[in-house]
Amino acid sequence: MINAKGYAADTPTTNLAPWNFKRREVGPLDVQFDILYCGVCHSDLHQIRNEWFAGIFPMVPGHEIVGKVVKVGKQVTKFNIGDLAAVGCLVDSCRTCDNCKVGLEQYCLNGGVGTYNSRAKDGTPTYGGYSNTIVVHQDFVLSVSEKLSLPAVAPLLCAGITTYSPLRYWKVGKGHKLAVLGLGGLGHMGVKFGVAFGAEVTVLSTSASKEDDAKKLGAHKFIVTSDSKQTKNVKGYFDFILDTVSAPHDFKLYLSMLKTNGTHIMVGIPPEPNRVPTFSLMDGRKSLAASGIGGLPETQEMLDYCAEHNIVSDIEMIDIKDIHKAYDRMVKGDVRYRFVIDMATL
Ligand code: NAP
Ligand code: ZN
Ligand code: ZN
């Protein structure tokens, strides 16, 4: 076994603290890489606090992982020692179901294996990227271009693919009016991709102070959702809403902003089930949909697209000891626009 160190939550009510643990030996098809940076996703906080379901503790969160390969198994063909490598939210899946066969491992019918708070096929818990090193089957390790700033690439592994995938699936682009609801980690990537794909992008935000940032990110319009004068102007306006909100929110208000036949795509996952008035959907034959991260082929496609178009996340680098200060700011919506842990501080 390989000695590893990281930050773990012992229980859902305790804060993360340093923890030593073991990773599996590098198997014939495994890649081991030393983690240089790990992004901080709101899902990390939802999970260490058991906000979605009862988790597996101790829990080492983190699924926006980038680093440098230090060891490869004998049969590994995709990576060499010294290569940059990345891992997102998945480290394994059944590989045989209808979804896995077409690269939709995130929807594995037999349940994929999450990077943390999950169990590998042998039943052992998985531990995430708030740690110094990781061992993953080469099929679930992604290649990263040397061209981009590595810490700013880390958030692409979750915030990036989670927004890229639905925008691609619904073919959002030229001629579409896209609203991005919530300007946080996911939201700011949704803006960047929406703009890159040619849509007219409007940010719907609770934070008036984010207007200048939204425009710098490329958004064409900005609306403060608590200002009814502003929201009235976009009644029946959008083809799509990409909803990244992590807390309960008012679907009646947002659905009223969709055109007839418009689609409200949820990627945010509030702890409680959403309350959606049927009337708000019926009035204009609107669709409510949701999308989860992305499969391995599409995640690589997104990373390659970002390298080609020079797209990275806007980040604030933190020391790992400050992780709870970062969570507190994230909960207040004060994230600009993704915290990334410098793993050298571990
Ligand atoms: P984040 O950085 O905290 O961003 C969420 C943003 O939502 C906030 O910055 C804030 O933006 C807005 N917001 C927060 N509370 C709100 C409220 N009560 N009403 C309206 N808006 C509110 O979080 P994130 O990392 O982007 O993650 C967002 C959500 O997506 C989380 O629930 C996370 O678990 C989920 N997620 C889902 C997937 C998936 O596969 N579907 C993948 C990753 C994450 P403003 O200040 O602009 O209002
Ligand atoms: Zn995430
Ligand atoms: Zn499967």
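All residue numbers refer to positions counted from 1 along the written sequence of the respective chain. For this description, chains carry letters from A and ligands carry numbers from 1, given in the order in which they are written. Selection of residues for local features in this predicted model requires a pLDDT of at least 70, selection of side-chain atom pairs for listing and counting requires 80 or more, and totals for whole chains, interfaces and linings are taken over all residues. In computing side-chain properties, one takes all heavy atoms of the structure into account and sets aside hydrogens as well as water.

A. Spotlight on a nonpolar patch on the surface. A cluster of nonpolar residues, Val 102, Leu 104 and Tyr 107, forms a patch on the protein surface that exposes about 260 Å² of accessible area. Along the polypeptide, Val 102 turns up in the loop between α2 (98-101) and β7 (113-114). Residues forming no salt bridge and having over 30% relative accessible area are the ones grouped into patches, like charges within 9 Å of each other and nonpolar side chains (Val, Leu, Ile, Met, Phe, Trp, Tyr) within 5 Å. For the accessible areas, the method is Shrake-Rupley and the probe is 1.4 Å, while residue cover comes only from the protein chains on display. Take a side-chain nitrogen of Lys or Arg and a carboxyl oxygen of Asp or Glu: if they are within 4 Å of each other, that pair is a salt bridge. Segments assigned H or I by DSSP are reported as helices when at least four residues long, segments assigned E as strands when at least two residues long, and all are numbered from the N terminus.

B. Seen up close, the coordination of the zinc ion (ligand 3). Nitrogen, oxygen and sulfur within 2.8 Å of a metal are treated as its donors, or within 3.2 Å for sodium, potassium and calcium (Na, K, Ca); water is not counted, so a site can appear incomplete. For the zinc ion (ligand 3), the full set of protein donor atoms is Cys 94 (SG), Cys 97 (SG), Cys 100 (SG) and Cys 108 (SG), and the range of their distances to it is 2.3 to 2.4 Å. Square planar and octahedral assignments, for four and six donors respectively, both demand that opposite donors be over 155 degrees apart and that all other angles lie between 65 and 115; tetrahedral needs four donors with all angles between 85 and 135 degrees, and anything else is irregular. Note that the zinc ion (ligand 3) binds 4 donor atoms; their angles at the metal cover 103 to 122 degrees, and the shape is tetrahedral. The sequence pattern describing where the donors of the zinc ion (ligand 3) fall on their chain is C-x2-C-x2-C-x7-C. Comparing Cys 97 with Cys 100 shows no difference in burial state: the two are buried. A 1.4 Å probe rolled over the protein chains alone gives each residue an accessible area, and that area as a share of the maximum for its type sets the label: buried under 20%, exposed over 50%, partly exposed in between.

C. Molecular detail of the site of ligand 1. The near set for a molecule or strand comprises every residue that places at least one heavy atom within 4 Å of it. With respect to spatial proximity, 31 residues lie near ligand 1, and among them Ser 205, Thr 206, Ser 207, Lys 210 and Arg 338 are the closest. The definition of a polar contact used here is a pair of N or O atoms within 3.5 Å, where within protein one atom must be able to donate a hydrogen and the other to accept one, and adjacent residues in sequence count solely through side-chain atom pairs. Here an oxygen atom of ligand 1 and a side-chain polar atom of Ser 207 are 2.5 Å apart. Contact distances for ligand 1 include 2.9 Å between a nitrogen atom and a backbone N or O atom of Ser 291. In isolation ligand 1 exposes 920 Å². Once the protein is present, 91% of that is buried. Put simply, the parts of the chain that give the shell around ligand 1 at least two residues each are α1 (42-48) and α5 (185-196). Among the elements that line the shell around ligand 1, the one with the most residues is α1, at 3 residues.

D. Molecular detail of the side chain of His 188. Its location among the elements puts His 188 in helix α5. Using a relative accessible area of 0% as the deciding quantity, one classes His 188 as buried.

E. The arrangement of the packing of helix α4 (residues 159-169) against α5 in detail. Contact geometry of α4 with α5 gives a least axis separation of 8 Å together with a crossing angle of 45 degrees. Judged on the interaxial angle alone, α5 and α4 are oblique. Where α4 crosses over α5, the two elements pack in a sense that is right-handed. Along its contact with α4, which presents Ala 159, Gly 160, Thr 162, Thr 163, Tyr 164 and Leu 167, the element α5 presents Gly 185, Leu 186, Met 189, Gly 190, Phe 193 and Gly 194. Residues of the contact of α4 with α5, tallied by class, amount to 6 nonpolar, 6 polar and no charged. Lines fitted to C-alpha atoms define the axes here, with helix axes fitted over just the stretch in contact, and angles between the N-to-C directions of these axes take values from 0 to 180 degrees. The cut-offs work like this: below 35 degrees is roughly parallel, past 145 is roughly antiparallel, 65 to 115 is roughly perpendicular, and the gaps in between are oblique. Throughout, a crossing is termed right-handed when the near helix is turned clockwise from the far one, and left-handed when it is turned anticlockwise from it by less than a right angle. Residues count as neighbours in contact if any of their non-hydrogen atoms are within 4.5 Å of one another. Under the scheme applied, nonpolar residues are Ala, Val, Leu, Ile, Met, Phe, Trp, Tyr, Cys and Pro; charged residues are Asp, Glu, Lys and Arg; polar residues are all the others, including Gly.

F. Spotlight on the coordination of the zinc ion (ligand 2). The protein atoms donating to the zinc ion (ligand 2) are Cys 41 (SG), His 63 (NE2) and Cys 158 (SG), with metal-donor distances spanning 2.0 to 2.2 Å. In primary sequence terms, the donor set of the zinc ion (ligand 2) follows C-x21-H-x94-C. With Cys 41 in the loop between β3 (30-39) and α1 and Cys 158 in the loop between α3 (150-153) and α4, this residue pair connects regions lying 117 residues apart in the sequence.

G. Spatial organisation of the sheet that holds strand β11 (residues 200-205). Here, strands pair whenever DSSP counts at least two bridges between them. Sheet architecture is open: 6 strands sit in the order β12-β11-β10-β13-β14-β15, paired in parallel fashion. Edge strands, defined here as strands with exactly one partner in the open sheet, are β12 (221-224) and β15 (287-290). Averaged over neighbouring strand pairs, the angle between their axes works out to 20 degrees when direction is ignored. With 4 bridges connecting them, β11 and β12 associate as parallel partners. Its bridge partner lying in β12, Val 203 is registered against Phe 222. Along the sheet, α5 contacts β10 (177-181), β11 and β13 (238-243); its crossing angle with β10, the most-contacted strand, is approximately 165 degrees.

H. Fine view of the pairing of strand β5 (residues 84-87). With burial as the criterion, each face of β5 is covered, one bearing Leu 84 and Ala 86 and the other bearing Ala 85 and Val 87. Across 4 bridges, strand β4 (residues 65-72) lies against β5 in antiparallel orientation. Paired with Lys 68 across the bridge in β5 is Leu 84. With 2 bridges connecting them, β5 and strand β9 (residues 142-143) associate as antiparallel partners. Bridged to Ala 86 within β9 is Leu 142.

I. Here's a closer look at helix α10 (residues 296-309). Expected span of a helix: the number of residues minus one, times 1.5 Å. Here α10 is 14 residues long and its end C-alpha atoms lie 20 Å apart, about the 20 Å a rise of 1.5 Å per residue gives. For α10, the complete set of buried residues consists of Leu 296, Glu 298, Thr 299, Gln 300, Met 302, Leu 303, Tyr 305, Cys 306 and Ala 307. Contacts made by the buried residues of α10 are with β6 (90-92), β9, α3, α4 and α5. Count one or two residues on from α10 and you reach Asn 310, which has phi positive near 55 degrees.

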